[in-house]
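Summary of the model geometry
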Amino acid sequence: MNRFDQSIAQPAGNTLAVNKVIRNTYMLLSATLVFSAVMATVSIATAMPPMTYLVSLIVSMLLGMFVLPRTANSASGIGVIFLITGLMGFGLGAVLSLYLQLPHGPQTIATALGGTGVIFLGLSGYALTSRRDFSFMGGFIFSGMMVMMVAIIANLFLQMPALQLAIAGGVMLLMSGYILFQTSQMMNGGETNYINATYGLYIAIFNIFISLLQLLGIFGDD
Amino acid sequence: MDNLWLQIGAAVVFGMMLFFIYPNAKHWMKNAPKAQQGDWMAALLPLAAVVGFVILLIFLVR
């Protein structure tokens, strides 16, 4: 079953179940982020080449498309999500190694990391406290993702800095919207699987971090 | 040359992702509940805050 195939959000019938999904999602998300950071550190320490990023991304996307949907309802789904996030962290390490060589690289990385944390916590907090249903944004977000995907494929070959900038900005906004959408889905009973919810939020955080890193790198003159 | 094959591989996987997302995009465009009055404003406000925050971060690293 496709992991995005969620029902339209309905008022939660069982508050306890909803709270359990939210609690499990944030616990698993924290664990995967820590694991990802450890793998990124390993990647930096072993000085992995830049191509590691693309290879890790390809493998993790394939796992996310074909393996995770088949295992998300079982305990093995937890192993798969750690495999995916570990791989993505390992790939990220290769990019961070490049940034660390820049004059203001460490500062850029720290700012992007802090900024990503503030954006995620702010948006999640807003969605949780406002208790609004953001499922009306579903069509806009998924069609926006498709447009971004086409732009990313084009820029793999065109390598245009201006298009890269536009993609980074677009992805940042779309993923911010996705955090609102996914959090409200969890709250309103539209998403009942915490592994799928964790995967969605992890991807959003990862993309926001990468986009922010690019934007700060470009505008910070690095 | 290796890099070109890697780019082609990435393009293929991103293309597959397009097919993966398409049914969901179609589903949500058809079945998503209509936004009530104030819904878009409630969504655009935090997104505008994100834009402002990113601009602030850019000024901080310059």
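Only a predicted model underlies this, so the values are computations on that prediction, with no experimental measurement involved. Residue positions are given per chain, counted from 1 along the sequence in the order it is written. As a convention, the first chain written is A and the first ligand written is 1, with the rest following in written order. Local features in this predicted model are restricted to residues of pLDDT 70 or higher, and side-chain atom pairs are both shown and tallied only at a pLDDT of 80 or more, whereas totals for entire chains, interfaces and linings draw on every residue. Processing note: side-chain calculations cover all non-hydrogen atoms of the structure and skip hydrogens and water entirely.

What about the overall build of chain B?
What counts is decided by this rule: What counts as a helix is a DSSP run of H or I of at least four residues, what counts as a strand is a run of E of at least two, and both are numbered from the N terminus. With a 1.4 Å probe rolled over the protein chains alone, any residue whose accessible area is under 20% of its type maximum counts as buried; one over 50% counts as exposed, and the rest are partly exposed. Exposure was quantified through the Shrake-Rupley algorithm and a 1.4 Å probe, taking into account, for residues, occlusion by the shown protein chains and nothing else.
In terms of regular secondary structure, chain B is built from two helices and zero strands. Counting only C-alpha atoms and orienting by the principal axes, one finds that chain B spans roughly 50 × 45 × 5 Å. In chain B, which comprises 62 residues, the share counted as buried stands at 40%. Just so you have it, chain B exposes about 3,900 Å², and 71% of that area is on carbon and sulfur atoms.

Brief notes about the UniProt feature "transmembrane region" (unreviewed entry) in chain A
Residue and element names in this part refer to chain A. Just so we agree on the cut-off: UniProt positions are given in the numbering used here, feature names are shortened, and annotations may be inferred rather than shown by experiment.
Per the UniProt record, "transmembrane region" (unreviewed entry) is annotated on residues 26-45, 51-68, 80-102, 108-129, 136-157, 163-181 and 201-220. Along residues 26-45 one finds 100% helix and 0% strand; the C-alpha atoms at either end are 28 Å apart. The annotated region residues 163-181 carries 100% helix and 0% strand content, and the separation between its end C-alpha atoms amounts to 26 Å.

Some points on the environment of Thr32 of chain A
All names here are of chain A. For clarity, the cut-off: Contact definition: two residues touch when any of their heavy atoms are within 4.5 Å.
Positionally, Thr32 belongs in helix α1 (residues 15-45). Residue Thr32 is classed as buried on the basis of its relative accessible area of 0%. Along the primary structure Thr32 and Tyr199 are separated by 167 residues, whereas in three dimensions their C-alpha atoms are 9.3 Å apart. Once you skip the residues sitting within four places of it in the chain, Thr32 turns out to touch Ile81, Phe82, Thr85, Thr198 and Tyr202.

Thoughts on the packing of helix α4 (residues 105-130) of chain A against helix α6 (residues 161-187) of chain A
A packed helix pair is summarised by two numbers, namely the angle formed by the two axes and the spacing between the axes. Residues and elements named next belong to chain A. The criterion, for reference: A fitted line through C-alpha atoms serves as each axis, taken over the contacting stretch for helices, and the angle formed by two N-to-C directions is quoted from 0 to 180°. In these notes the angle categories are as follows: under 35 degrees is roughly parallel, over 145 is roughly antiparallel, 65 to 115 is roughly perpendicular, and the rest is oblique. Each crossing is labelled by how the near helix is turned from the far one, with a counterclockwise turn of less than a right angle marking it left-handed and a clockwise turn marking it right-handed. The nonpolar class holds Ala, Val, Leu, Ile, Met, Phe, Trp, Tyr, Cys and Pro. Asp, Glu, Lys and Arg form the charged class, and all remaining residues, Gly among them, are polar.
The interhelical angle for the contact between α4 and α6, taken along N-to-C directions, is 40 degrees, at an axis separation of 9 Å. One finds that α4 runs oblique with respect to α6. The element α4 and its partner α6 pack so that their crossing is right-handed. In contact with Ile119, Phe120, Leu123, Ser124, Tyr126, Ala127 and Leu128 of α4, α6 contributes Met172, Ser176, Ile179, Leu180, Thr183 and Met187. When the residues that make up the contact of α4 with α6 are grouped by side-chain class, the tally is ten nonpolar, three polar and no charged.

Overview of the UniProt feature "transmembrane region" (unreviewed entry) in chain B
Residues and elements named next belong to chain B. Under the UniProt annotation, the feature "transmembrane region" (unreviewed entry) is placed at residues 6-22 and 43-61. Spanning residues 6-22, this segment combines 100% helix with 0% strand, and its end C-alpha atoms are found 24 Å apart. Secondary structure content for residues 43-61 is 100% helix and 0% strand, while the C-alpha to C-alpha distance between its ends is 28 Å.

Focus: the packing of aromatic side chains
Heads up, the condition is: The criterion for an aromatic pair is that two Phe, Tyr or Trp rings (for Trp, the six-membered ring) have centres within 6.5 Å, with stacked assigned to planes under 30 degrees apart, edge-to-face to planes over 60 apart and tilted to the rest.
The final tally for this structure, using the stated rule, is eleven aromatic pairs over all chains. Judged by centre distance (5.8 Å) and plane angle (90 degrees), the rings of Phe140 of chain A and Trp40 of chain B are edge-to-face. One end of the pair, Phe140 of chain A, is in helix α5 (residues 138-158); the other, Trp40 of chain B, is in helix α2 (residues 39-61), on a second chain. What makes Trp40 of chain B partly exposed here is its relative accessible area of 34%. For the pair Phe181 of chain A and Trp28 of chain B, a centre-to-centre distance of 5.1 Å together with 85 degrees between the ring planes defines the contact as edge-to-face. Linking Phe181 of chain A in helix α6 with Trp28 of chain B in helix α1 (residues 2-31), this pair reaches from one chain into another. Note on accessibility: Phe181 of chain A and Trp28 of chain B belong to one class, buried. Among the aromatic residues, those joined into a cluster by ring pairs are Tyr126, Phe134, Phe136 and Phe140 of chain A together with Trp40 of chain B.

Focus: the domain arrangement of chain B
Short version of the rule: Reported domain spans reflect what an automatic or database domain assignment gives.
Domain annotation of chain B identifies domain 1 (1-31) and domain 2 (35-62). Centre-to-centre, using C-alpha coordinates, domain 1 of chain B lies 28 Å away from domain 2 of chain B.

Let's talk about the packing of α4 of chain A against α2 of chain B
Put simply, α4 of chain A and α2 of chain B touch, their axes get as near as 11 Å, and they point 165 degrees apart. Between α4 of chain A and α2 of chain B, the angle falls in the class roughly antiparallel. Classified by chirality, the crossing of α2 of chain B by α4 of chain A is right-handed. Note on element contacts: α2 of chain B touches α4 of chain A through Ala42, Pro46, Val50, Phe53, Val54, Leu57, Leu60 and Val61 of chain B, opposite Gln107, Thr111, Gly115, Val118, Ile119, Leu123 and Tyr126 of chain A. Of the residues that constitute the contact of α4 of chain A with α2 of chain B, the class distribution is twelve nonpolar, three polar and no charged.

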